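Observations on the three-dimensional arrangement
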Amino acid sequence: MKAFAYVNPTNEKDAVAALSPQLEHSMPIGGGQDLLARMKDYVTQPDRIVNVKSALESTVTPFQGGLRIGAAMKMVDLSEHAEVARMYPAISAAAIEVGTPQIRNQATVGGNLNQRPRCWYYRNEEFVCFKKGGNTCFSPAGENQFHAILGGGPSFIVHPSSLAVPMLAYGATFRLSGPKGERLVPAADYFTLPTKNLRTENVLAPDELLTHVMLPAPGELRSGHYEVRYKTSHDWPIAFATVLLSMQGGKVRTARVVMGAVAPVPWRARAAEQFLAGKTITEATAAAAADAALRDAHPLSQNAYKIEVAKVAVKRAILRAAGMQTA
Amino acid sequence: MAETIDPLNWPATPSVLGTRVKRMDGPEKVTGRAKYTFDISRPRMLYGRIVRSPYPHARVVSVDLTAASRMPGVKTTLVWRDPANTQNNLVMFQGDEVAAVAADTEEHAIDAARAIKVEYQVLPHVTLVDRALAGTAPAVFTGGNVRAAQPQSTGDLTKGFGAAAHTIEETYETQVITHTCMETHGTVCEWEGERLTAWISTQGINGARENFASALGIPQANVRVICQYMGGGFGSKALSVGAEGLICARLAKAANAPVKLMLDRKEEHLATGNRPSATARIKAGVSAEGIITAFDGDTWGTGGAGATAGFPLPYIYQIANRRRAHKDVFTNTAQQRPMRAPGHPQGSFNTEIMMDELADKVKMDPVEFRIKNLPPEAPNAMWRSYLREGAAEFGWDKRHPTGDKTPGPIKTGMGVSIHTWGGGGRGPAPAHCEIASDGGVVMRAGTQDIGTGTRTLVAVITADALGLQPTQVRPEIGDTLYGVSPASGGSTTAASISPGIRVAAVKALDALKEKVAPSLGVEPAALVASGGRIHVKDDPSKGMSWADACKRIGPQSITSDGDWRPGMSSTTTSGVQFAEVKVDIETGIVKVTRVLVVQDCGLVVSRLTAESQCYGGVIGSLNFALFEDRILDRNSGQMVNPNMEWYLLAGMSDIPRIDVRLKNQPERGVIGLGEPPTVSTAAAITLAVRNAIGVSVRSLPLTPARILGALRQGIA
Amino acid sequence: MLSLTSPKIHVGVHCLKLRTKSMYIHAVVDPDEATFYDAYDNSAFWCVSTQTGFGPDGQPVRPDLCHGERGCCRF
Ligand SMILES: Cc1cc2nc3c(=O)[nH]c(=O)nc-3n(C[C@H](O)[C@H](O)[C@H](O)COP(=O)(O)OP(=O)(O)OC[C@H]3O[C@@H](n4cnc5c(N)ncnc54)[C@H](O)[C@@H]3O)c2cc1C
């Protein structure tokens, strides 16, 4: 492992000051569940790491009718937080499924949202892909059973963060802090497609920190979250979805449908949202909405099954949001 | 006619044998006091690290050690694949050894290994079996990438198919998996002049001793090998000491200091063996009465670079007219090593899936169909009885025909499969017993505990013979100083070592009886040992405690020796397994809910550890069925999942309820059990899936992609 | 022809450095096995000098490859 310096600032300003504008030179570390593994595998080799756990907030506070979550909050604390569970149940549902208890005990909200892809080409040093400054993505012609079916190209990674999906659905805004001060970026604008930004997955600059997640007042929402997992633990979802419904009478007024593990970013399915507006939720309307959500999907050579799986995730999340039983 | 009872033989009424004795070293293991090779630390110890080829096939053009030698803490470096040796400068698989280094810390060793500059001339490789078979892969192996075995045929195929009312023609396939031992392969080597002590994670300490000595050109008498605890081998640690073992010894010699060289997870996946793949294109015919009349199979598999990949087929069922042609396909991947019941899980899967497809053709229940086609029942062929007994216990009568018709996406199904395994061992496998005047009992043998509970087995047999509790016995194993004993493989350890232990213990007791008899005023032969006492047979009051008896031994302990003898062990087990699954046909996710194991192993010696082998076997086979897959990039031939994240293994919550029915066959003596329970679970699970979803899945692992694919094809 | 513990490796025919698992394990063969399945070959072999499945000449080792033709064979 490459030798590195360790900085342990106690406030946001010092933490930001310890970063560097150069890519992967001085990097924030939360729980280290992702970064340390990448360092040991020689995928990312920073000269300095900056511990943000003592510098950033790790609490949930009321904020303009919603909640504000400190980026240093542990995943385990988030998953057990009563107010979060009451106001944003899909966030709790996503948090509790992440990795394993050991991982959740270490991992932070900021680290989860900013973790790098789990693509096996990216994670093995033999393959110098776009994400590592190379000039190819190995997956289209290679082993792509877990890769993107939407929004792919030229890189076909899927975004790894479970939290990103419900955060986007609830309309979260991220507070970023950099050398020039703070900026507020809606989750919808934070995550970027490879066509816009090939090396990284979001708009965060190397010398910026994600300090808070601001969640707006949820209003009268019904929510459903569904993850399709091969193993029950220590694994990644094949596809998952968060669905938020605002109802009027027995019908959907507006819907939010966001999918995870299907695209290089958390993927908002506007076609499904439009389809659901004005509908009563039944097995059939949920299935039709799921079809709409995946209408534009393009499978690679081995991941066509993910389209079916993603449809099921969307359908079941819709049904759950409507308070119906699912498998 | 009165039978003469041989006192050395197994007792008719055992006291401890067959009971549920807690694993002796459980507390040591769970508290971390047990010292695995990984835990060995020696004064001045260095750490070794190997540089491996990232390419599946390449010529090593140069190895530059200059920078590495100057790295902090580096004590010695070594070139394993010398570029100047034009005979031997090729690397044949990703992970093949090229060079090595030893340094004062593990971190320094890793850094230094990366500083060794190796220049490769990358050569065309073959990793895709289909291409090798089609002849479109680069020619890599001398004599060809494919080696056909002698075709086998019995009976008359034409006649057999003529007698068939139905035929099927399908292709079945199992994947390459790796052993994935919890404790990776590794060694600590320490030299004292020309004498070597090696702590190695091995299935055979005496085998390792011979391998070290022969490879290093030193007398075997100069080598001592120690393995007190090991974290799994599954066959991959039953062979050589590996390049890593030899490299470790060489580094230690060169550095004149002990060296520890443990592989990391990636090296473990890449270079320490695997279970070969197995594909079978089968045409089979069945008569209207449900007798399989013909079997015509073309099979192939890859065991890596130049290694074989055979497997038994058809497996167990009697088919009078059959033909089989097998091909080994050589690929630029690490060579296979035996893996828990080598060949049988593949043979079982490729046969059993076919069995249910044939059973459906003649609309027979799978249990009845199997019974119709089995060899005659015998102590080494008990499937008929076990099928009936298991079916009753499992609730087989509640099984629906192929395809669960209940509404909703969750379908339930049941499957059954059978297996056999040898597990017979013999000597020489000497044991040595000591009883001291303080009452202490030592049973010593040069065997090893590969995680199966051998230490407990030693104590159980000894305690049973001496009328003691197992905790009163001190088993000493895992060190070549304790004598010669076979390696642990082929499930042979229990059958090899148990007789000698029994014999040594009985002889020691005889010696003790001699000491005690005079003070009781009886003949030694009148005495027995039971309940911690030595007393007159049928009169426990006339005797003394074990402690008092041993006081009569004097300062020089009683010693005795035993060895394997015929009649106390036997070979060949039968087993049957039932599985129940739930399949979500919308997502393709399979959840195994129940497994029932009906298994014999001759005389049950140590019941808890025997059951534990069944649990472990089932879990291993469940992993084979659902999760494990060595995935190589089709273009570069490099493994994309050499880790435990994408090389999937069941966690606690993926493991079903497992019920074990151990069948005791005391009259057969001891037979091993390590391998049989892992043979057929995968087939039973796959058949349960078939029963649930109504279509066959003919290749492993049962990923959602495969399940959904099969459903789509089945419906179309 | 004197058979070593392994039925597949014969003194005088095969290289003395050729090894296989059955040389270290005394399995008892059940004659009935032949009624449960036909013979198959899946033995792993190694060279005792290299401790790998490749000989000193870099080629795979197996009984059919280690019976004299190779320069590294020893009898
Ligand atoms: C087997 C397995 C299964 C898993 N399953 C899941 C799953 O289902 N869903 C899921 O979401 N995750 C899963 N994970 C991943 C795990 O949840 C993440 O690695 C973890 O959440 C990362 O958080 P951390 O605080 O440890 O991040 P770190 O490793 O500390 O940091 C991750 C990245 O974010 C950057 N970073 C950290 N904090 C900040 C900040 N405040 N501002 C800006 N950048 C920052 C770091 O520089 C680094 O690049 C799994 C992991 C494993 C090993």
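From a predicted model like this one, the values you see are computed outputs, not experimental measurements.

1. Things to note about the overall build of chain B
Helices and strands together make up the secondary structure of chain B, namely 17 helices and 29 strands. Taken against the 2.2 N^0.38 rule, which gives 27 Å for 716 residues, the C-alpha radius of gyration of chain B at 28 Å falls within 12% of a compact globule. By the burial criterion, 64% of the 716 residues in chain B qualify as buried. In chain B, once contacts between residues fewer than 6 apart in sequence are set aside, the share between residues at least 24 apart is 79%. Taken as a whole, chain B presents about 25,100 Å² of accessible surface, with 52% of it coming from carbon and sulfur. Mean positive and mean negative side-chain charge positions of chain B (75 and 70 charges, respectively) differ by 1 Å.

2. Points about the site of the ligand
Residue and element names in this part refer to chain A. Taken together, 34 residues lie around the ligand, and Pro-28, Gly-30, Arg-38, Thr-108 and Ser-162 are the ones closest in. Within the backbone of Leu-210, a nitrogen or oxygen atom sits 2.9 Å from a nitrogen atom of the ligand. Within the contact set of the ligand, an oxygen atom lies 2.7 Å away from a side-chain nitrogen or oxygen of Arg-229. Relative to its unbound accessible area of 970 Å², the ligand is 96% covered by the protein chains. Elements supplying a minimum of two residues to the shell around the ligand: strand E2 (26-29), helix H2 (35-40), helix H7 (109-114) and strand E8 (209-215). Ranked by the residues each element gives to the shell around the ligand, the list is headed by H7, at 4 residues.

3. Description of the sheet that holds strand E9 (residues 222-229) of chain A
Residue and element names in this part refer to chain A. Judged by pairing direction, the sheet is antiparallel, and its 4 strands sit side by side in the order E9-E10-E11-E12 without closing on themselves. Of all strands in the sheet, those bounded by a partner on one side alone are E9 and strand E12 (267-268). Contacts from helix H13 (residues 304-321) reach E9, strand E10 (237-248) and strand E11 (251-260), with the element oriented near 35° to E10.

4. Quick notes on the interface of chain C and chain B
Taken together, the 37 residues of chain C in the interface contact 62 residues of chain B. Interface area, chain C with chain B, both sides summed: about 3,900 Å², of which 52% is carbon and sulfur. Counting the surface chain C buries against chain B, the share from its top three residues, His-26, Phe-36 and Gln-51 of chain C, is 18%. Our count for the contact surface shared by chain C and chain B stands at 3 salt bridges. In this structure, the salt-bridge partner of Arg-147 of chain B is Asp-64 of chain C, at a minimum N-O distance of 3.1 Å. Our count for the contact surface shared by chain C and chain B stands at 29 residue pairs in polar contact (both at pLDDT 80 or more). In terms of residue class, the side of chain C that touches chain B is built from 16 nonpolar, 12 polar and 9 charged.

5. A look at the pairing of strand E19 (residues 410-421) of chain B
Residues and elements named next belong to chain B. Where burial is concerned, most of E19 is hidden: 10 out of the 12 residues are buried. Sheet topology note: the E19/strand E27 (residues 573-584) ladder contains 12 bridges and is antiparallel. For Thr-420, the partnering residue across the bridge sits in E27 and is Ser-574.

6. Things to note about the interface of chain A and chain B
Residue-level contacts link 33 residues of chain A with 41 residues of chain B. Around 3,100 Å² of area is buried between chain A and chain B when both sides are counted, 52% of it from carbon and sulfur atoms. Counting every contact that joins chain A to chain B gives 8 salt bridges. The partner of Arg-634 of chain B in a salt bridge is Glu-143 of chain A, and the shortest N-O contact between them spans 2.7 Å. Across the contact surface, chain A and chain B share 20 residue pairs in polar contact (both at pLDDT 80 or more). Among the secondary structure elements, those contributing two or more residues to the side of chain A that touches chain B are helix H8 (120-123), E9 and H13 of chain A. Of the residues forming the side of chain A that touches chain B, the biggest block, 6 residues, is contributed by H13 of chain A. Grouping the amino acids of the side of chain A that touches chain B by side-chain chemistry returns 16 nonpolar, 7 polar and 10 charged.

7. Quick notes on the pattern of salt bridges
Enumeration according to the criterion identifies 63 salt bridges over all chains in this entry. Glu-83 of chain A is the salt-bridge partner of Arg-86 of chain A, the closest N and O atoms lying 3.0 Å from each other. Of this pair, Arg-86 of chain A and Glu-83 of chain A both sit in helix H4 (residues 82-87), 3 residues apart, roughly one helical turn. Arg-86 of chain A gets classed as exposed once you look at its relative accessible area, which sits at 59%. A single salt-bridge network, built from bridges that share partners, covers Asp-34, Arg-38, Arg-118 and Arg-123 of chain A together with Glu-645 of chain B.

8. Some thoughts on the environment of Ala-322 of chain A
With respect to the secondary-structure elements, Ala-322 of chain A resides in the segment after H13. In the structure, Ala-322 of chain A is positioned 11 residues away from Lys-311 of chain A in sequence and 17 Å away in space, judged by C-alpha atoms.

9. Concerning the arrangement of the chains
Across the 2 pairs of chains that are in contact, the largest number of contacts falls between chains B and C. In this view chain A stays clear of chain C, with the nearest C-alpha atoms of the two still 24 Å from each other.

10. Notes on the side chain of Asp-38 of chain C
Inspection of the secondary structure puts Asp-38 of chain C in the loop between helix H1 (33-36) and strand E2 (45-47). In terms of polar contacts, Asp-38 of chain C uses its side chain to reach the side chain of Arg-322 of chain B, at 2.6 Å. With sequence-adjacent residues up to four places away left out, Asp-38 of chain C is seen in contact with Gln-152 and Arg-322 of chain B.

11. Brief notes about helix H5 (residues 89-97) of chain A
Of the residues making up H5 of chain A, those classed as buried are Ala-90, Ile-91, Ser-92, Ala-94 and Ala-95 of chain A. Gly-99 of chain A lies just past H5 of chain A and shows a positive phi near 50°.

12. A few points about the sheet that holds strand E4 (residues 60-63) of chain A
Residue and element names in this part refer to chain A. With antiparallel pairing, 5 strands are arranged side by side in an open sheet as E4-E5-E8-E6-E7. Where the open sheet ends on each side, the last strands, each with one partner, are E4 and strand E7 (181-186). Shown here is a sheet whose adjacent strand axes are inclined to one another by a mean of 25°, direction ignored. The sheet contact formed by strand E6 (residues 173-178) and E8 spans 5 bridges and is antiparallel. For Phe-174, the partnering residue across the bridge sits in E8 and is Val-213.

13. Details of the pairing of E6 of chain A
Residues and elements named next belong to chain A. Judged by how many residues are buried, E6 sits mostly within the fold: 5 of 6 residues are covered. Pairing between E6 and E7: 6 bridges, direction antiparallel. Among the inter-strand pairings, Ser-177 is bridged to a residue of E7, identified as Glu-182.

14. Thoughts on unusual backbone geometry
With omega at 0°, the peptide bond leading from Gly-427 of chain B into Pro-428 of chain B counts as cis. Note on placement: Pro-428 of chain B falls in the loop between E19 and strand E20 (431-435). A cis amide bond, omega -10°, links Leu-700 of chain B with the succeeding residue Pro-701 of chain B. With a phi angle near 70°, Asp-538 of chain B is a residue other than glycine that sits in the positive phi range. Mapped onto the elements, Asp-538 of chain B comes out in the loop between strand E24 (533-536) and strand E25 (539-545). The phi torsion at Gln-51 of chain C lies on the positive side, around 60°, for a residue other than glycine. With respect to the secondary-structure elements, Gln-51 of chain C resides in the segment after E2.

15. Quick look at a nonpolar patch on the surface
Together, Met-1, Phe-4, Tyr-6 and Leu-36 of chain A line one region of the surface with nonpolar side chains, adding up to about 340 Å² of accessible area. Inspection of the secondary structure assignment puts Met-1 of chain A in the segment before strand E1 (5-7).

16. Observations regarding the packing of aromatic side chains
Applying the stated criterion to the full structure yields 21 aromatic pairs over all chains. Ring centres 5.1 Å apart and planes at 90° place the aromatic pair Tyr-190 of chain A and Phe-191 of chain A in the edge-to-face group. Exposure class is identical for Tyr-190 of chain A and Phe-191 of chain A. Each is buried. Grouping aromatic residues by their ring pairs yields a cluster made of Trp-120 and Phe-146 of chain A together with Trp-646 of chain B. The positively charged end of Lys-279 of chain A is found above the aromatic ring belonging to Phe-275 of chain A, 4.0 Å away from the centroid.

17. A look at the domain arrangement of chain B
Residue and element names in this part refer to chain B. According to the domain assignment, chain B contains domain 1 (37-123 + 185-262), domain 2 (274-423 + 570-713) and domain 3 (425-562). The interface is formed by 14 residues belonging to domain 2 together with 15 residues belonging to domain 3. Carbon and sulfur atoms make up 61% of the area that domain 2 and domain 3 hide from each other, which totals about 870 Å². Counting every contact that joins domain 2 to domain 3 gives 5 residue pairs in polar contact (both at pLDDT 80 or more).

Criteria and thresholds
- Residues numbered from 1 in each chain as written.
- Chains lettered and ligands numbered in written order.
- Predicted model: local features only at pLDDT ≥ 70, side-chain atom pairs only at ≥ 80, totals over all residues.
- Heavy atoms only, no water.
- Helix = DSSP H or I, 4+ residues; strand = E, 2+ residues; numbered from the N terminus.
- Rg over C-alpha atoms; globule rule 2.2 N^0.38 Å.
- Buried < 20%, exposed > 50% of the residue type's maximum accessible area, 1.4 Å probe, protein only.
- Contact = heavy atoms within 4.5 Å.
- Areas by Shrake-Rupley, 256 points an atom, 1.4 Å probe, with all protein chains shown as cover.
- Lys, Arg positive; Asp, Glu negative; His and termini not counted.
- Charge placed at Lys NZ, Arg CZ, Asp CG, Glu CD.
- Near = heavy atom within 4 Å.
- Polar contact = N/O pair within 3.5 Å; in protein donor to acceptor, adjacent residues only side chain to side chain.
- Pairing = 2+ DSSP bridges.
- Axes fitted to C-alpha atoms, helices over the stretch in contact; angles between N-to-C directions.
- Buried area = accessible area lost by both parts, 1.4 Å probe.
- Salt bridge = Lys/Arg side-chain N within 4 Å of Asp/Glu carboxyl O.
- Nonpolar A, V, L, I, M, F, W, Y, C, P; charged D, E, K, R; others polar.
- Patch = residues over 30% accessible without salt bridge, like charges linked within 9 Å, V, L, I, M, F, W, Y side chains within 5 Å.
- Phe/Tyr/Trp six-rings, centres within 6.5 Å; stacked < 30°, edge-to-face > 60°.
- Lys NZ or Arg CZ within 6 Å of the ring centre and 35° of its normal.
- Domains from an automatic or database assignment.

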